[in-house]
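# Breakdown of the fold
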Amino acid sequence: MTAIHYDARCGDEGRRAQIYAGDVHVISARPAMHALADWARELLVAGFGDEDPETLQHRVPVERFVELFAPIKPRFIHHPRTWELLCAVVKDMGLDPRETYLDVPRLRGVTSHGYLTSGVGYAFPMHRDTWWAAPMQQVNWWLPIFEIESASTMAFHPAWWNRAIENSSGEFDYYEYNRVARGAAAKQVKQDTRSQPRITLDPPPVDTPSVRLVAPVGGAILFSGQQLHSTVPNESGRTRFSIDFRTINIADVRAGRGAPNMDSAPAGTSLRDFRRVSDKAPMPEEIALSVDPRRIPFEEAVFQPPASLLAELAAENAERTGAA
Ligand SMILES: [Fe+2]
């Protein structure tokens with residue numbers, strides 16, 4: 001049984017316990033989350049040359065869309081302002097900044113009617129994030145940037161919360177993925193050739209019931225990384241843009257509290273991607289080693305954005321804040 005909670009007043013600890021048990025939380029619009037969505041929208045509009053991001057797909061060839069969209073994603077993901085806004089969101093929602101770790105967010109664009117389904121517009125089929133080596137304590141936050149509808153949101157498949165489903169996560173190595181695949185998304189225009197964990201059940205569970213939640217701009221949907229979920233095939237006529245990011249409570253990792261592992265068997269762990277909200281300190285190495293004892297250099301364990309991009313964004317941010 002999965003329950004959906006709206007603006008629950010149970011506090012973060014209670015919310016995490018419910019999320020680890022398969023529940024989903026929907027949060028109404030709040031100023032801090034609105035600010036994050038507004039910032040993403042600002043970058044999209046600027047990056048698309050002041051064209052309407054939701055309808056641009058109807059006016060340009062797909063190659064041009066990718067050319068414009070691809071650089072916006074890393075700008076949003078790695079911009080210092082994005083980190084500030086993320087920290088403001090989790091503090092506003094009552095998470096403890098000393099116990100909570102955040103990874104960089106993702107900015108996704110899912111075009112309508114299959115205009116672009118690969119690379120930077122990859123539409124995720126049913127999956128659990130834990131197949132990509134996410135820890136069982138991972139809480140996913142999903143926020144729309146423009147208003148969405150049932151034809152452009154995401155879907156949950158709660159029948160599989162506590163049932164294993166055959167999948168290929170056992171062939172997936174997170175460190176290898178960081179090294180080879182993640183930087184290559186912009187090159188995948190017509191077809192996605194990157195090796196991603198997938199359902200291998202034969203025949204595939206096409207008739208599995210799904211639940212679609214529609215949150216407002218400034219609101220969010222929170223769920224476990226163990227939850228089976230998918231991108232809804234967008235039939236809204238507009239490109240759907242969303243932000244997602246993840247939080248981890250380190251006390252839960254230490255205590256072994258988290259979602260049950262039904263069927264995830266990847267090599268490696270994404271724990272080192274996370275940094276502490278209070279001071280951006282990295283995840284303690286012993287925590288990562290408690291999940292995967294392989295000692296590997298940090299640069300191989302964590303995807304490294306180009307140093308030139310980080311320098312450019314830092315300079316831009318300094319100018320914005322008047323620190324330069
Ligand atoms: Fe996901």
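Residues numbered from 1 in each chain as written. Predicted model: local features only at pLDDT ≥ 70, side-chain atom pairs only at ≥ 80, totals over all residues.

### Points about the sheet that holds strand 6 (residues 154-156)
Heads up, the condition is: In this analysis, strands are considered paired if DSSP registers two or more bridges between them. Under the DSSP-based scheme used, a helix requires at least four consecutive residues in state H or I and a strand at least two consecutive residues in state E, with every element numbered from the N terminus. For helices, the axis comes from a line fit to the C-alpha atoms of the stretch in contact; other axes are also lines fit to C-alpha atoms, and the angle between any two N-to-C directions lies between 0 and 180 degrees.
The sheet built from three strands is open, its strands ordered 7-6-9 with antiparallel pairing. Two strands in the sheet have a free side with no partner beyond their single neighbour: strand 7 (211-213) and strand 9 (229-231). Sheet twist, expressed as the mean angle between neighbouring strand axes with direction ignored, is 35°. The sheet contact formed by strand 6 and strand 7 spans three bridges and is antiparallel. Pairing of alanine 155 across the sheet is with arginine 212, part of strand 7.

### Some remarks on helix 2 (residues 31-47)
How we decide: Residue count minus one, scaled by 1.5 Å, sets the expected span of a helix. Our exposure labels follow a C-beta count within 10 Å of each residue's own C-beta, placed from the backbone: buried means 20 or more other C-beta atoms, exposed means 12 or fewer, and partly exposed covers the counts in between. Within this analysis, the arc is defined by the directions that extend from the helix axis to the C-beta atoms. Once C-beta atoms have been placed from the backbone, residue pairs whose C-beta atoms lie within 7 Å are recorded as contacts.
Given a rise of 1.5 Å per residue, 17 residues ought to cover 24 Å, and the 24 Å separating the end C-alpha atoms of helix 2 matches this to within 8%. Met33, Leu36, Ala37, Ala40, Leu43 and Leu44 are the residues of helix 2 that are buried. Down the axis of helix 2, the sector holding all buried residues measures 120°, keeping them to one side. Opposite the buried face of helix 2, at more than 90 degrees from it, the exposed residues are Pro31, Glu42 and Ala46. Elements in contact with the buried residues of helix 2: helix 3 (62-78), helix 4 (80-92), strand 4 (106-110), strand 5 (139-144), strand 8 (220-224) and strand 10 (240-249). Positive backbone phi, approximately 65°, marks glycine 49, located one or two places after helix 2.

### Some remarks on helix 1 (residues 11-20)
Of all the positions in helix 1, only Arg15, Arg16 and Ile19 are classed as buried. An end-on view of helix 1 places all buried positions within 100° of arc, on one side of the element. Set apart from the buried face of helix 1 by more than 90 degrees, the exposed residues are Gly11 and Gly14. On its buried face, helix 1 sits against strand 2 (24-27), strand 5, strand 8, strand 10 and helix 6 (250-255). One or two steps after helix 1, the chain reaches glycine 22, where phi turns positive at roughly 105°.

### Details of the environment of arginine 295
Topologically, arginine 295 is positioned in the loop between helix 7 (285-291) and helix 8 (298-301). Separated by 10 residues in sequence, arginine 295 and glutamate 285 have C-alpha atoms that sit 9.3 Å apart.

### A word on the packing of helix 3 against helix 9 (residues 307-321)
Convention followed: If you view the pair so one helix is near and one far, a crossing is left-handed when the near helix is turned anticlockwise from the far one by less than a right angle, and right-handed when it is turned clockwise. For this scheme, ten residues count as nonpolar: Ala, Val, Leu, Ile, Met, Phe, Trp, Tyr, Cys and Pro. Four count as charged, namely Asp, Glu, Lys and Arg, and the remainder, Gly too, count as polar.
Their axes nearest at 10 Å, the elements helix 3 and helix 9 cross at an angle of 65°. Crossing of helix 3 over helix 9 shows right-handed handedness. Contacts between helix 3 and helix 9 involve Pro74, Arg75 and His78 from the first element and Leu309, Leu310 and Leu313 from the second. Grouping the amino acids of the contact of helix 3 with helix 9 by side-chain chemistry returns four nonpolar, one polar and one charged.

### Considering the pairing of strand 10
Most of strand 10 is tucked away, with nine of its 10 residues classed as buried. Examined bridge by bridge, strand 3 (residues 100-102) and strand 10 share three bridges and lie antiparallel to one another. In the strand pairing of strand 10, threonine 100 is matched with asparagine 249. With five bridges joining them, strand 4 and strand 10 adopt antiparallel strand pairing.

### Quick word on the nonpolar core
Short version of the rule: By definition, a nonpolar core groups buried Ala, Val, Leu, Ile, Met, Phe, Trp, Tyr and Cys residues that connect through C-beta atoms lying within 7 Å of each other.
Core analysis: the biggest nonpolar cluster contains 50 residues, and Leu36, Ala40, Ala220 and Leu222 have the highest contact counts within it. For this core, the element with the highest residue contribution is helix 2, accounting for six residues. Setting aside chain neighbours within four positions, we find alanine 220 in contact with Ile27, Met33, Trp141, Trp142, Leu143 and Ala215. If you look at the next biggest cluster of nonpolar residues, it comprises nine residues, including Ala133, Ala134, Tyr174 and Ala301.

### Some details on the environment of glutamate 171
For glutamate 171, the position within the fold is in the loop between strand 6 and helix 5 (174-180). Glutamate 171 sits in the partly exposed class, given 13 other C-beta atoms within 10 Å. Each C-alpha atom of the pair glutamate 171 and aspartate 103 lies 24 Å from the other, and the pair is 68 residues apart in sequence.

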